[in-house]
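Here is how the chains run, residue by residue.
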Amino acid sequence: MNTLLTHPEPAHCPGPESQTAGKDESCNGCPNQSICASQLNKGPDPDMAIVTSKIDEYIKHKILVLSGKGGVGKSTFTAMLSFALAADQSLEIGSLDLDICGPSLPKILGCNLNETIHSSNSGWSPIYIDDNLSTMSIAFMLPNPDSAIIWRGAKKNGLIKQFLKDVDWGYLDYLIIDTPPGTSDEHLSITSYLKDSGIDGCLIITTPQEVSLLDVRKEIDFVKKVNIPILGLVENMSGFVCPNCKGESQIFKPTTGGGESLAKEFNIPFLGEVPLDPRIARCCDNGENFLELYTDSPATTAILDIVDNLRDQIEAND
Amino acid sequence: MNKEPPRSLNKVKHVILVLSGKGGVGKSSVTTQLALSLAHKGLKVGVLDIDLTGPSIPRMFGIENNQVHQSVNGWVPAYIPNTGNRLLVMSIGFLIKDRGNSIVWRGPKKTSMIRQFLSNVVWGELDYLIIDTPPGTSDEHISIAEELKLAKPDGAILVTTPQQISINDVKKEFNFCEKVGFKVLGVVENMSGYVCPHCSECTNIFSSGGGKSLAEQYKINFLGSLPIDPSFIELIETNNKSENRNQVDSNSDKNKIIEKINNLDLRNKQVSLIDKYVNNSLYPHFSTIVDNLLKHNIPPRTL
């Protein structure tokens with residue numbers, strides 16, 4: 001929508017999509033004022049209906065993977081969840097990467113980053129990892145894997161809409177959506193575009209230490225504000241078993257009670273703890289399916305338990 | 001566009017940004033350690049936290065309960081107790097009522113907040129201003145680059161963890177720096193190896209060596225690596241606990257005055273965060289990084 005603007009948004013812009021766009025005190029004198037006032041706020045985005053009808057027709061369950069904090073394992077867990085669900089051959093799985101500035105999902109899923117998106121009459125074809133597992137990410141659209149995507153929010157929102165409107169997933173039982181950290185444009189856009197089709201729920205990932213829980217609290221506050229059901233909280237990187245002596249230690253100490261007490265505090269389901277396993281990081285770097293390679297790891301058991309729990313919750317309503 | 005650098009930086013000698021494309025790699029903890037190390041050298045250091053949706057700096061310094069004061073000249077940053085006024089911090093965390101509240105803002109609002117942070121904070125004279133950033137290359141980063149365009153910052157420190165996934169994001173950040181003209185001062189590899197407390201075997205949980213090879217590939221300084229050290233988190237957390245206790249105690253009306261006197265007394269005896277950090281096992285690793293950073297003798301900004 002913001003492509004309509006003729007000038008960059010000024011400092012005190014209330015946001016071209018906001019209720020007061022073009023009418024706010026700070027809009028006086030802005031070269032965009034008349035555009036914001038006249039065009040942008042005549043009802044909802046016309047593409048909204050297209051997105052909703054497309055999603056309703058093709059995609060059964062939508063799960064968001066969220067965390068206020070970065071580097072806690074959102075993409076890793078999204079990949080694990082996708083792999084685990086796709087192990088059931090009767091299901092069709094798609095995983096969508098909403099992290100525009102730091103897309104890491106394709107690499108973890110083992111995609112070739114030189115692959116490019118083909119577009120046809122029916123839309124953009126996602127990249128297939130397996131017969132029943134496909135993915136979409138900005139990583140496939142870059143001229144070079146190291147290119148920086150220096151985009152402001154408005155531009156990211158446009159791409160997110162296209163991801164929902166133009167990707168030809170075919171029929172999907174599950175769409176797992178990986179998000180960037182924080183509570184900003186990407187999060188507002190995905191929740192508003194999927195509002196009418198309904199999101200089954202979100203999965204919140206944290207690590208045990210308070211610095212992380214602090215940001216996760218904010219994410220829970222956000223999720224409650226936008227009315228998305230919380231499927232549960234997962235504590236990642238909890239505890240480490242030394243490969244040498246098998247002794248256990250806490251690397252990220254749960255000084256304030258960790259994920260479990262946070263879940264109690266907010267009265268949300270606590271789905272479990274996934275221990276640190278150095279082989280996970282290695283698998284992510286190589287794009288290997290950890291769950292399949294290391295069936296004996298305690299992390300694998302923990303993850304599969306969480307996935308079972310999630311499926312039970314979601315499919316109970318089918 | 002602005003024709004002159006932000007006025008609040010007039011008496012600031014050096015400006016350093018701490019960046020990373022990836023989240024959770026330790027930007028805030030590197031920022032904190034850099035500030036503490038520089039303050040330990042007797043320098044006056046300011047820390048500006050521009051992570052608006054997930055500010056961790058207030059907790060890092062144990063000042064989550066702080067409020068911002070408005071003076072005639074602008075916002076007064078928070079002073080860290082017992083540091084002889086050598087350590088100042090500004091974060092959006094001080095502007096939120098409840099620590100669990102979320103800030104759900106789209107780009108333009110974030111941009112305007114960052115503009116205010118740069119124009120409206122009364123830093124006074126500083127040797128170093130360290131700017132902690134959120135992950136990515138989006139609104140906050142574009143805004144800070146625009147604001148600092150004429151301010152001649154020293155440059156940016158890139159933080160990464162050793163694994164490839166993180167390195168890939170940091171490469172993007174490097175390209176960002178090139179595009180906006182930030183000089184890259186060097187790379188810090190965080191979370192490189194964990195020493196088992198039982199058998200002292202070092203495990204590379206997030207593999208190893210990634211930061212160094214990145215630095216070689218792009219011909220930038222490798223400032224050093226930091227192991228995973230739970231004692232640093234513990235230091236931060238116990239520092240917070242002592243603050244929380246003081247808060248709770250002073251709430252009871254009865255003993256308020258006595259408490260106040262006790263607190264004053266306590267405060268005099270209290271060990272500052274700087275001293276606690278200098279005794280932490282991470283400090284020797286970090287002081288190498290600081291030495292590597294300072295040996296370039298970057299001249300102060302226009303003063």
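Residues numbered from 1 in each chain as written. Chains lettered and ligands numbered in written order. Predicted model: local features only at pLDDT ≥ 70, side-chain atom pairs only at ≥ 80, totals over all residues. Heavy atoms only, no water.

1. A closer look at the pairing of strand β8 (residues 201-206) of chain A
Residues and elements named next belong to chain A.
Link 1 in the chain: Summarising burial for β8: 6 of the 6 residues are buried, a large majority.
Link 2 in the chain: Here β8 shows two buried faces, one formed by Gly201, Leu203 and Ile205 and the other by Cys202, Ile204 and Thr206.
Link 3 in the chain: Relative to β8, strand β1 (residues 59-66) is paired through 4 bridges, and the arrangement is parallel. Paired with Val65 across the strands is Leu203, a residue of β8.
Link 4 in the chain: Of the pairings in the sheet, the one linking β8 to strand β9 (residues 230-241) comprises 5 bridges and is parallel in character. (Buried < 20%, exposed > 50% of the residue type's maximum accessible area, 1.4 Å probe, protein only. Helix = DSSP H or I, 4+ residues; strand = E, 2+ residues; numbered from the N terminus. Pairing = 2+ DSSP bridges.)

2. Description of the pattern of salt bridges
Link 1 in the chain: Within the structure shown, the criterion is met by 22 salt bridges over all chains.
Link 2 in the chain: With a closest N to O distance of 3.2 Å, A:Asp185 and B:Arg106 form a salt bridge. One end of the pair, A:Asp185, is in helix α6 (residues 185-193); the other, B:Arg106, is in the loop between β6 (87-91) and α3 (107-119), on a second chain.
Link 3 in the chain: Residue classification places A:Asp185 among the buried positions, given a relative accessible area of 2%.
Link 4 in the chain: Close ionic contact of A:Lys225 with A:Asp221 constitutes a salt bridge, the shortest N to O distance being 3.4 Å. In this pair, A:Lys225 and A:Asp221 are both assigned in helix α7 (residues 210-225), 4 residues apart and thus about one turn of the helix distant. (Salt bridge = Lys/Arg side-chain N within 4 Å of Asp/Glu carboxyl O.)

3. Some details on helix α1 (residues 27-40) of chain B
Residue and element names in this part refer to chain B.
Link 1 in the chain: Across its 14 residues, α1 extends 20 Å between first and last C-alpha, which sits within 8% of the 20 Å expected from 1.5 Å per residue.
Link 2 in the chain: Counting buried residues in α1 gives 13 out of 14 residues, a clear majority hidden from the surface.
Link 3 in the chain: Where α1 ends, the next residue or the one after it, Gly42, has phi of about 90 degrees, a positive value. (Expected span 1.5 Å × (residues − 1).)

4. Describing the environment of A:Tyr171
Residues and elements named next belong to chain A.
Link 1 in the chain: Along the polypeptide, Tyr171 turns up in the loop between α5 (153-166) and β7 (172-178).
Link 2 in the chain: With 100 residues separating them in the primary sequence, Tyr171 and Leu271 have C-alpha atoms 28 Å apart.
Link 3 in the chain: If we ignore the near neighbours within four places in the chain, the residues touching Tyr171 are Tyr58, Lys60 and Glu92.
Link 4 in the chain: A distance of 3.2 Å separates a polar atom in the side chain of Tyr171 from a polar atom in the side chain of Asp173. (Contact = heavy atoms within 4.5 Å. Polar contact = N/O pair within 3.5 Å; in protein donor to acceptor, adjacent residues only side chain to side chain.)

5. Let's talk about the interface of chain B and chain A
Link 1 in the chain: Across the contact, 64 residues belong to chain B and 65 residues belong to chain A.
Link 2 in the chain: Between chain B and chain A, a total of about 5,200 Å² is buried, with carbon and sulfur atoms accounting for 58% of that surface.
Link 3 in the chain: On the chain B side of the contact with chain A, B:Arg106, B:Ile165 and B:Lys172 bury the most area, a combined 14% of that side's loss.
Link 4 in the chain: Seen at the junction of chain B and chain A, the total is 5 salt bridges.
Link 5 in the chain: With a shortest N-O distance of 2.8 Å, A:Glu210 and B:Arg99 are connected by a salt bridge.
Link 6 in the chain: Run the count over chain B and chain A and you get 31 residue pairs in polar contact (both at pLDDT 80 or more).
Link 7 in the chain: Those elements that place two or more of their residues in the side of chain B that touches chain A are α2 (57-60), α3, α4 (139-148), α5 (164-180) and α7 (230-251) of chain B.
Link 8 in the chain: Element by element, the count of residues in the side of chain B that touches chain A is highest for α5(B), at 9 residues.
Link 9 in the chain: Taken together, the residues of the side of chain B that touches chain A break down into 22 nonpolar, 24 polar and 18 charged. (Buried area = accessible area lost by both parts, 1.4 Å probe. Nonpolar A, V, L, I, M, F, W, Y, C, P; charged D, E, K, R; others polar.)

6. Here's the deal with the UniProt feature "binding site: [4Fe-4S] cluster 2" (unreviewed entry) in chain A
Link 1 in the chain: UniProt tags A:Cys242 and A:Cys245 as "binding site: [4Fe-4S] cluster 2" (unreviewed entry).
Link 2 in the chain: Topologically, A:Cys242 is positioned in the loop between β9 and β10 (248-249).
Link 3 in the chain: For A:Cys242, a relative accessible area of 0% gives the class buried.
Link 4 in the chain: Leaving out residues up to four positions away in the same chain, A:Cys242 has contacts with A:Gly247, B:Cys196, B:Cys199 and B:Glu201.
Link 5 in the chain: With respect to the element layout, A:Cys245 can be found in the loop between β9 and β10. (UniProt positions renumbered as here; feature names shortened; annotations may be inferred.)

7. Digging into the UniProt feature "binding site: ATP" (unreviewed entry) in chain B
Link 1 in the chain: UniProt records the feature "binding site: ATP" (unreviewed entry) for B:Gly21, B:Lys22, B:Gly23, B:Gly24, B:Val25, B:Gly26, B:Lys27 and B:Ser28 in the present numbering.
Link 2 in the chain: One can find B:Gly24 in the loop between β1 (12-19) and α1.
Link 3 in the chain: Setting aside chain neighbours within four positions, we find B:Gly24 in contact with A:Lys69, A:Gly70, A:Gly71 and B:Met191.
Link 4 in the chain: For B:Gly26, the position within the fold is in the loop between β1 and α1.
Link 5 in the chain: In this structure B:Gly26 comes out as buried when scored by relative accessible area, which is 14%.
Link 6 in the chain: If we ignore the near neighbours within four places in the chain, the residues touching B:Gly26 are B:Val159 and B:Asn190.

8. Some remarks on the nonpolar core
Link 1 in the chain: Formed by 85 residues in total, the largest nonpolar core has its most connected members in B:Phe61, B:Phe117, B:Trp123 and B:Leu148.
Link 2 in the chain: In this structure, B:Leu148 is in contact with B:Leu9, B:Val15, B:Leu17, B:Leu118, B:Ile131, B:Pro153 and B:Phe182, ignoring residues within four places of it in sequence.
Link 3 in the chain: Of all hydrophobic cores here, the second largest spans 84 residues; its members include A:Leu81, A:Ala86, A:Leu109 and A:Leu133. (Core = buried A, V, L, I, M, F, W, Y, C linked by side-chain atoms within 4.5 Å.)

9. Things to note about the side chain of A:Asn236
Link 1 in the chain: Position of A:Asn236 relative to the elements: it lies in strand β9.
Link 2 in the chain: In this structure the side chain of A:Asn236 is engaged in a polar contact, spanning 2.8 Å, whose partner is the backbone oxygen of A:Val72.

10. Considering the sheet that holds strand β12 (residues 222-225) of chain B
Residue and element names in this part refer to chain B.
Link 1 in the chain: Read across the sheet, 8 strands follow the order β5-β6-β2-β7-β1-β8-β9-β12 without closing on themselves; strand pairing throughout is mixed. The sheet is open, and its two edges are formed by β5 (78-79) and β12, each paired on a single side.
Link 2 in the chain: Here 2 bridges tie β5 to β6, and the two strands are oriented antiparallel to one another. Residue Ala78 lies in a different strand from β6, and its bridge partner there is Val89.

11. Notes on the side chain of A:Asp97
Residue and element names in this part refer to chain A.
Link 1 in the chain: Its location among the elements puts Asp97 in strand β2 (residues 93-97).
Link 2 in the chain: Only 3.1 Å separates the side chain of Asp97 from the backbone nitrogen of Asp99, close enough to count as a polar contact.
Link 3 in the chain: Ignoring any residue separated from it by four or fewer positions in sequence, one finds Asp97 in contact with Pro103, Ser104, Leu105, Pro106, Met136, Ser137, Phe163 and Asp178.

12. Points about a negative patch on the surface
Residue and element names in this part refer to chain A.
Link 1 in the chain: There is a patch of like negative charges on the surface, built from Glu92, Asp130, Asp131 and Glu292.
Link 2 in the chain: In this fold, Asp131 is placed in the loop between β5 (127-130) and β6 (133-136).
Link 3 in the chain: Given the relative accessible area of 67%, Asp131 is considered exposed. (Patch = residues over 30% accessible without salt bridge, like charges linked within 9 Å, V, L, I, M, F, W, Y side chains within 5 Å. Areas by Shrake-Rupley, 256 points an atom, 1.4 Å probe, with all protein chains shown as cover. Lys, Arg positive; Asp, Glu negative; His and termini not counted. Charge placed at Lys NZ, Arg CZ, Asp CG, Glu CD.)

13. A look at the UniProt feature "binding site: [4Fe-4S] cluster 1" (unreviewed entry) in chain A
Link 1 in the chain: Cross-referencing UniProt, the feature "binding site: [4Fe-4S] cluster 1" (unreviewed entry) maps to A:Cys13, A:Cys27, A:Cys30 and A:Cys36 in the present numbering. Their sequence span is 24 residues, while the largest C-alpha to C-alpha distance among them is just 10.6 Å; these annotated residues converge on one region.
Link 2 in the chain: Structurally, A:Cys13 can be placed in the segment before α1 (33-40).
Link 3 in the chain: With relative accessibility at 10%, the residue A:Cys13 sits in the buried group.
Link 4 in the chain: The residues touching A:Cys13, leaving out its near neighbours within four places in the chain, are B:Pro108 and B:Lys109.

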